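Here is what each chain is made of, one letter per residue.
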Amino acid sequence: MGDSDSEGSDGEGGMGNVSRVIIRPPGVSGKAKRGQICFDAAFETGNLGKANLVGEFEYDLFLRPDTCNPRFRFWFNFTVDNVKQDQKVIFNFVNISKARNLFNSGLTPLVKSSSRPKWQRLPKKHVFYYRSPYHQNHYVLSFAFSFDKEDDVYQFALAPPYSYSRMQSYLNLIESRQQQGGEKKFTRSLLTKTLQNRNVDLITIDHVVGKVKTNRVERCVIRVIIILCRSHANASPASFMCQGFLEFLLSSHNIAKILRENFVFKIVPMVNPDGVFLGNNRCNLIGQDMNRVWQVATEFSHPEIFAIKNMLKEIDNSDSYQIDFVIDLHAHTSLHGCFMYGNTYEDVYRYERHLVFPRLFAGNAQDYASANMIFNADEKKSGCARRYCCEKLSDTVNAYTLEISMGGHYLKDGKTVALYNEEGYYRCGRNLARTFLQYYRFINVLPAPLPSEVRQKKRRPRTHNSRSRSKNRYEVKPRPKTTRSYAPISYTNLSICYDSGGSSDEGGFSPTRTVAPGSSHFSGYRNYRRVASCTMPCAGTTNQQQQLTHDQFALLRIKSGRFDLAQEPSLHDYGGKSKSQSPEKQTRFELPVNVPPKPYLSIIDLNQLTRGSLRVSSFED
């Protein structure tokens, strides 16, 4: 996500947003007439520094850089009014600092109006991204637009804005819902204040009744999941994803209930409120990138990061709590889909455990882009949240950066790009919550559901009235009674080898290990024991009591190599009658040499599972 500087950025650091600026043609003064466009970005999350009329209907627009940092110029959000019916214009953004972005891959600006408040993407055929020789060979984003209503106020933005005020309104809304419902599902507290005295809220969901034993350390702890969001001001899609995650977690869904009852969630929905309010691209009020200062954050320059670090250290040093996840939500401006950035570790066990969650998340999210997933220990990213948490916190912590594209994701054909909307971002947050349940079931912290608990296929209610049909035409006649006979089955050349010599990828069993408490070497082979108990000659039994059961074609019996139906036609009468077997033709079974034990989760098992079912190296994706 490296940003490159553009030339000619000197002096732009002090440029503010335009405030009700009317652009008149040269030599024209006086009261503004209809068609002389009025630009405005003096509102929350707004960004537009300057507008120039360069032709009869063409305007050059300059983005305002981040406060105290002229490097970053990419986010834009402004309004246009005082337009004329069917007026056509061309807008050129001429000072974008990030040359590598999604405008080369189908991304287009958003637009809405006062009469049509839903955000819509501009058609791709009207948007162009190119090097302009008229602007010192810089990259320019140009798009054509036609205003169809004179009284409307039109708003253009890079992505759907999610302001600080909207976040506060949403938190107030769910608080009022909780008070009306009577059931307390979460607690809202003030983590700290920003440099401009804005609130950094902390949402805590804690309904854990009993403590859960860890697999690695024999101590009872409560597992904690930390979610951070909006470190960068332009990452509005991450706020929609965080809201989708929070809404699902507070809902009455069965998965949400299980998660609330077993784990503690601490969510910081907006880490950088000042930058969001000011309409910056990445930085806070003093021009600091909030995802690059974790190792040097102080109480006076970065109070938000400083408070979050203290919270993490307090939980990590507690004897009652254990941090399992720290996930930082971001929006990506150069890649499609959603994906994760992770860390690399010298400890092989920790690295393999670190690979599990992204692979499970990829199975839940159809828009997951495995090719964009990266696991590294880059020193340049040492100041980001995931690098700091993996180095300074306990080795039980899995720290990730979850990215979602500002553009869209590829469909199954691998060529078509479906652009995201707000619902798509909400869905990604819900998928994140579902993955937590699968992960904890995978490591045996939560029990797997019983078959009876699996949700059945939805059927039509009994109150549904079907369409009336002609009884004569669709009359169903009773089926004639016929005798049913079984077709002959012939097993020939069935030799199955069960040697457990290879890895799970090769079809073999796991290496021999200690039997888990309460398990048996014969787990999973009840059919074999049942057949053997019915076919082995026992004292005090007759030949008639040693008849074959319905398990005579069991796989382990075929595996013995001493059963051939073609050689023993008297075993079964295909007319439906069974015949007894003579003692000299009694089939005997020998105990298999290599019998896999019952699966039992331990450190060794998790390593074998990740080596086998998961792909060890993320580069294979």
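Residues numbered from 1 in each chain as written. Predicted model: local features only at pLDDT ≥ 70, side-chain atom pairs only at ≥ 80, totals over all residues. Heavy atoms only, no water.

Trainee: Please explain the nonpolar core as it appears in this structure.
Mentor: If you look at soluble globular proteins, the nonpolar side chains tend to sit buried side by side. Residues Phe 39, Leu 432 and Phe 436 are the most contacted members of the largest nonpolar core, which totals 103 residues. Top element by residues in this core is helix 8 (residues 422-442). It accounts for nine residues. Those residues within four positions of Phe 436 in sequence are excluded, and the remaining contacts are Ile 225, Ile 227, Phe 245, Leu 259, Phe 265, Phe 325, Ile 327 and Phe 357. Val 200, Val 268, Ile 305 and Ile 323 belong to the second largest nonpolar core, which has 26 residues in total. (Core = buried A, V, L, I, M, F, W, Y, C linked by side-chain atoms within 4.5 Å. Buried < 20%, exposed > 50% of the residue type's maximum accessible area, 1.4 Å probe, protein only. Helix = DSSP H or I, 4+ residues; strand = E, 2+ residues; numbered from the N terminus. Contact = heavy atoms within 4.5 Å.)

Trainee: Can you help me understand the sheet that holds strand 5 (residues 77-81) in this one?
Mentor: The strands that make up a sheet are held in pairs by hydrogen bonds between backbone atoms, and each pair lies either parallel or antiparallel. Strand order in the open sheet made by the six strands is 1-2-5-11-7-8, with antiparallel pairing throughout. The outermost strands of the open sheet, each flanked by one partner alone, are strand 1 (21-22) and strand 8 (120-121). (Pairing = 2+ DSSP bridges.)

Trainee: Just checking my understanding: could you explain the pairing of strand 3 (residues 50-53) for this structure?
Mentor: Within a regular strand, side chains alternate between the sheet's two faces. Looking at chain direction, strand 3 and strand 4 (residues 58-62) are connected through four bridges and run antiparallel. Along strand 4, the bridge assignment pairs Leu 53 with Tyr 59. Hairpin connection from strand 3 to strand 4: four residues lie between these consecutive antiparallel strands.

Trainee: What exactly am I supposed to notice about the pattern of salt bridges here?
Mentor: On inspection of all chains with the given rule, the structure shows ten salt bridges. Arg 116 is the salt-bridge partner of Asp 148, the closest N and O atoms lying 2.9 Å from each other. Here Arg 116 lies in the loop between strand 7 (110-113) and strand 8 and Asp 148 lies in the loop between strand 10 (138-147) and strand 11 (154-157), a separation of 32 residues in the sequence. For Arg 116, a relative accessible area of 30% gives the class partly exposed. Its salt-bridge partner being Arg 430, residue Glu 423 comes within 2.7 Å of it at the nearest N-O pair. We classify Arg 430 as partly exposed; its relative accessible area is 22%. Linked by salt bridges that have partners in common, Arg 116, Asp 148 and Asp 152 make up one network. (Salt bridge = Lys/Arg side-chain N within 4 Å of Asp/Glu carboxyl O.)

Trainee: Got a minute to help me understand the sheet that holds strand 6 (residues 87-93) in this structure?
Mentor: Across the sheet, which stays open at both edges, the five strands sit in the order 3-4-6-10-9 with mixed pairing between neighbours. The outermost strands of the open sheet, each flanked by one partner alone, are strand 3 and strand 9 (127-132). Sheet twist, expressed as the average angle between the axes of neighbouring strands with direction ignored, equals 25°. (Axes fitted to C-alpha atoms, helices over the stretch in contact; angles between N-to-C directions.)

Trainee: Please clarify how the confidence of the model for the protein chain should be interpreted in this entry.
Mentor: Low-pLDDT portions of the prediction should not be read for the details of their coordinates. Summarising the model, the protein chain shows a mean pLDDT of 79, and 68% of its residues fall at 70 or more. For the stretch residues 489-621, pLDDT sits under 50, and the model shows 138 contacts to residues farther than four places along the chain or on other chains. (pLDDT = per-residue confidence, 0-100.)

Trainee: In this structure, what is going on with the packing of aromatic side chains? I would like to understand it.
Mentor: How two aromatic rings sit relative to each other is set out by the distance from centre to centre and by the angle between their planes. Counted under the stated rule, the structure contains 40 aromatic pairs. Each ring, one from Phe 76 and one from Phe 93, has its centre 4.4 Å from the other, and the planes form 25°; the classification is stacked. Of this pair, Phe 76 sits in the loop between strand 4 and strand 5 while Phe 93 is found in strand 6, placing the two residues 17 residues apart along the sequence. Owing to a relative accessible area of 0%, Phe 93 belongs among the buried residues under this scheme. Pairing Phe 91 with Phe 143 gives two aromatic rings, centres 5.6 Å apart and planes at 85°, and the pair type is edge-to-face. Of this pair, Phe 91 sits in strand 6 while Phe 143 sits in strand 10; the two residues are 52 residues apart in sequence, bridging distant segments of the chain. Of the residues examined, Phe 91 reaches a relative accessible area of 0% and is grouped as buried. Of the residues examined, Phe 143 reaches a relative accessible area of 1% and is grouped as buried. Among the aromatic residues, ring-to-ring pairing joins Phe 39, Tyr 59, Phe 76, Phe 78, Phe 91, Phe 93, Phe 143, Phe 145, Phe 147, Tyr 154 and Phe 156 into one connected group. Above the ring of Phe 62, the side-chain terminus of Lys 50 is found at 5.7 Å from the ring centroid. In this structure, Arg 198 packs its charged tip against the face of Phe 277, placed 3.8 Å from the ring centre. (Phe/Tyr/Trp six-rings, centres within 6.5 Å; stacked < 30°, edge-to-face > 60°. Lys NZ or Arg CZ within 6 Å of the ring centre and 35° of its normal.)

Trainee: Would you take a moment to explain the side chain of Arg 188 for this structure?
Mentor: With respect to the helices and strands, Arg 188 occurs in strand 12 (residues 187-193). Here Asp 201 takes part through its side chain, which lies 3.2 Å from a polar atom of the side chain of Arg 188. In this structure, Arg 188 is in contact with Gln 168, Leu 171, Asn 172, Glu 175, Asp 201, Leu 202 and Ile 203, ignoring residues within four places of it in sequence. (Polar contact = N/O pair within 3.5 Å; in protein donor to acceptor, adjacent residues only side chain to side chain.)

Trainee: What's the story with helix 5 (residues 303-316) in this structure? I'm lost.
Mentor: Because the α-helix completes a turn every 3.6 residues, residues three or four places apart line up on one side. With 14 residues, helix 5 ought to run about 20 Å at 1.5 Å a step, and its terminal C-alpha atoms sit 20 Å apart, in line with that. Along helix 5, ten of the 14 residues are buried, which leaves the element largely enclosed by surrounding structure. Every buried residue belonging to helix 5 is among Pro 303, Glu 304, Ile 305, Ala 307, Ile 308, Lys 309, Met 311, Leu 312, Ile 315 and Asp 316, and all of these are buried. (Expected span 1.5 Å × (residues − 1).)

Trainee: Mind showing me how you'd approach the side chain of Asp 324 here?
Mentor: Position of Asp 324 among the secondary structure elements: in strand 17 (residues 321-332). Asp 324 gets classed as buried once you look at its relative accessible area, which sits at 4%.

Trainee: Just to check I follow, could you spell out the UniProt feature "active site" (unreviewed entry) in the protein chain for this structure?
Mentor: Mapped onto the present numbering, the UniProt feature "active site" (unreviewed entry) falls on Glu 403. For Glu 403, the position within the fold is in strand 20 (residues 398-405). (UniProt positions renumbered as here; feature names shortened; annotations may be inferred.)

Trainee: Explain unusual backbone geometry to me, please; I cannot follow it from the model alone.
Mentor: Of all residues except glycine, most have a negative phi; of all peptide bonds, most are trans. Non-glycine residue Thr 45 carries a positive phi angle of around 70°. In this structure, Asn 82 is a non-glycine residue whose phi angle is positive, near 60°. Considering the arrangement of structural elements, one finds Asn 82 in the loop between strand 5 and strand 6. Residue classification places Asn 82 among the buried residues on the basis of a relative accessible area of 19%.

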